[in-house]
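# Remarks on the overall topology
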Amino acid sequence: MRLSVVVIAATMFTVGAALAKIPPQSDEAKAKAAETANKAAWTDKVSAYQLCRSMDRVAATYRSRATGAGKSASAPEQTVACADPGPYAALQTTPAASKPLEASGAHSPPGAATSPPSNKATSAEMTGTRK
């Protein structure tokens, strides 16, 4: 009996946790995630470049030692040259402060006014306060 209560409670907790709604990421968090992904991609390219260069050095050393020892070394295979990824370049993002009003969500109301306001009273007159 006790075991079934524990199993049911654990199941309810797991289902509740699985159904919990995760809040959407903020713009700063999205930008940071994009920058992290960009940095990781560049790091992968640098690692591949370094590996390619080291394989070329090992092959050249093998061939030179083999020919120095009087053995015949196989001819090098033609492969794609190692591509240097260059220095890291950060993503170019537009800061939120420099976005135009249209991009910041401050839009005009839908539709244009087709007639003048029907009331000529001022705001002070409508609220009953003095100017």
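My aim in this report is to walk through the structure given alongside it, one point at a time.

About the cut-offs
- Residues numbered from 1 in each chain as written.
- Predicted model: local features only at pLDDT ≥ 70, side-chain atom pairs only at ≥ 80, totals over all residues.
- Heavy atoms only, no water.
- Helix = DSSP H or I, 4+ residues; strand = E, 2+ residues; numbered from the N terminus.
- Buried < 20%, exposed > 50% of the residue type's maximum accessible area, 1.4 Å probe, protein only.
- Contact = heavy atoms within 4.5 Å.
- Phe/Tyr/Trp six-rings, centres within 6.5 Å; stacked < 30°, edge-to-face > 60°.
- Lys NZ or Arg CZ within 6 Å of the ring centre and 35° of its normal.
- Disulfide = S-S within 2.5 Å.

Looking only at helices and strands, the chain has four helices and zero strands in total. Along its sequence from the N terminus, the chain presents helices and strands in the succession α-α-α-α. Residues counted as buried form 4% of the 131 residues belonging to the chain. Considering only residue pairs separated by 6 or more positions, the chain has 71% of its internal contacts joining residues 24 or more positions apart.

The way to describe two aromatic rings as a pair is by their centre distance and the angle between their planes. Per the counting criterion, the structure on display carries one aromatic pair. Ring centres of Trp42 and Tyr88 lie 5.5 Å apart, and the angle between their planes is 65 degrees; this geometry places the pair in the edge-to-face category. Placement of the pair is Trp42 in helix H2 (residues 27-68) and Tyr88 in the loop between H2 and helix H3 (101-104), with a sequence separation of 46 residues. For Trp42, a relative accessible area of 23% gives the class partly exposed. Between the NZ or CZ atom of Lys39 and the centre of the ring of Tyr88, over which it lies, the distance is 4.4 Å.

Before going further, it helps to spend a moment on the state of the cysteines. In the structure shown here, the tally under the stated rule is one disulfide. Residue pairing for Cys52: its cysteine sulfur links by disulfide to Cys82, the two sulfurs lying 1.9 Å apart. Since a negative S-S torsion denotes a left-handed disulfide, the Cys52-Cys82 link at about -80 degrees is left-handed. One end of the pair, Cys52, is in helix H2; the other, Cys82, is in the loop between H2 and H3, and 30 residues separate them in sequence.

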